[in-house]
Amino acid sequence: MAGDGLDRGPVDQGRRSLLRGRPTAVPAPIHPPWSHPDYFAALCTRCGACAAACPEAILRPGDGGYPEVDFGRGECSFCGACADACSEPIFDRTAPPWALRPTVAPSCLAVQRVVCRSCQDACPEGAIRFQPASGGAAQPRIDEAACTGCGACVAACPAGAVTLTHRTGTRQTGSPAHAD
Ligand code: SF4
Ligand code: SF4
Ligand code: SF4
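None of these values were measured; they are calculated from a predicted model.

Colleague: Whenever I open this one, the pattern of salt bridges confuses me. Can you help?
Modeller: Any two side chains of opposite charge can pair, on the condition that their charged atoms come close. Scanning the model with the defined rule gives four salt bridges in all. Between Asp-70 and Arg-60 there is a salt bridge, and its shortest N-O distance comes to 3.4 Å. Of this pair, Asp-70 sits in the loop between strand E2 (67–69) and helix H4 (81–85) while Arg-60 sits in strand E1 (residues 59–61), placing them ten residues apart in sequence. Residues Arg-167 and Glu-144 are paired through a salt bridge, measuring 2.8 Å at the closest nitrogen-oxygen approach.

Structure below.
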């Protein structure tokens, strides 16, 4: 998948910037899949081995240099290369990788009554369906049971309206306290 504007032409970049608008809040960081929030901050040495190993190049240094997932660069294939590359006991592959699920903001083109199904087209799990709405374009609906939290829908959205957030009761909290 193309990166978040990195591989796109200037016209498309401008369109995306225009449609995105200003972010209203800094999103909580998402750490690599299978990384345990209770251990992550204390044990991560910020060596960058996980990011270097990621074939999708979606891991980058975030707050304090800790690796964070950037779904604007692409989706997670759940290949496990990040976990395999880490020399610290941070990753638990016996548990689900995370329970991230998409949230669609009001800036969604379909919500704005513009026909768009980019997220549906990008979803490898068929977890996004569009339902007819009276007086407007069909609206996206997420099947959270079918969704894997791969993030493919994030970069696919031309309005930047899709974000992945942690659902309650999951291990990855999205914002563990970093022990700098
Ligand atoms: S490989 Fe492990 S220790 Fe190194 S940055 Fe990634 S999670 Fe942290
Ligand atoms: S599981 Fe694979 S694609 Fe996903 S973040 Fe880790 S290395 Fe990257
Ligand atoms: S995060 Fe869920 S809804 Fe989005 S593309 Fe992946 S499986 Fe589909």
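The rest of the description comes next.
Colleague: Hey, could you run me through the UniProt feature "binding site: [4Fe-4S] cluster 2" (unreviewed entry) in the chain in this one?
Modeller: Mapped onto this structure's residue numbering, the UniProt feature "binding site: [4Fe-4S] cluster 2" (unreviewed entry) falls at Cys-76, Cys-79, Cys-82 and Cys-86. On the secondary structure map, Cys-76 appears in the loop between E2 and H4. The residues contacting Cys-76, other than those within four sequence positions of it, are Pro-33, Ile-58, Phe-71, Trp-98 and Cys-150. With respect to the helices and strands, Cys-79 occurs in the loop between E2 and H4. Ignoring anything within four residues of it in the chain, the contact list for Cys-79 reads Pro-55 and Arg-93.

Colleague: Just checking my understanding: could you explain the site of ligand 3 for this structure?
Modeller: Taken together, Pro-102, Cys-123, Pro-124, Glu-125, Ile-128, Cys-147, Thr-148, Gly-149, Cys-150, Gly-151, Ala-152 and Cys-153 make up the full set of residues near ligand 3. Residues belonging to the shell around ligand 3 are distributed by class as follows: eight nonpolar, three polar and one charged.

Colleague: What is the right way to read the packing of aromatic side chains from this model?
Modeller: Remark: the centre distance and the inter-plane angle together describe each pair of aromatic rings, the angle taken between the planes. Under the defined criterion, the tally for this structure stands at four aromatic pairs. Judged by centre distance (6.0 Å) and plane angle (45°), the rings of Phe-40 and Tyr-66 are tilted. With a gap of 26 residues between them, Phe-40 in helix H2 (residues 37–43) and Tyr-66 in the loop between E1 and E2 connect regions that are remote in the sequence. Measuring from centroid to centroid gives 5.8 Å for Phe-78 and Trp-98, while their planes differ by 70°, and the two rings are edge-to-face.

Procedures and definitions
- Residues numbered from 1 in each chain as written.
- Chains lettered and ligands numbered in written order.
- Predicted model: local features only at pLDDT ≥ 70, side-chain atom pairs only at ≥ 80, totals over all residues.
- Heavy atoms only, no water.
- Salt bridge = Lys/Arg side-chain N within 4 Å of Asp/Glu carboxyl O.
- Helix = DSSP H or I, 4+ residues; strand = E, 2+ residues; numbered from the N terminus.
- UniProt positions renumbered as here; feature names shortened; annotations may be inferred.
- Contact = heavy atoms within 4.5 Å.
- Near = heavy atom within 4 Å.
- Nonpolar A, V, L, I, M, F, W, Y, C, P; charged D, E, K, R; others polar.
- Phe/Tyr/Trp six-rings, centres within 6.5 Å; stacked < 30°, edge-to-face > 60°.

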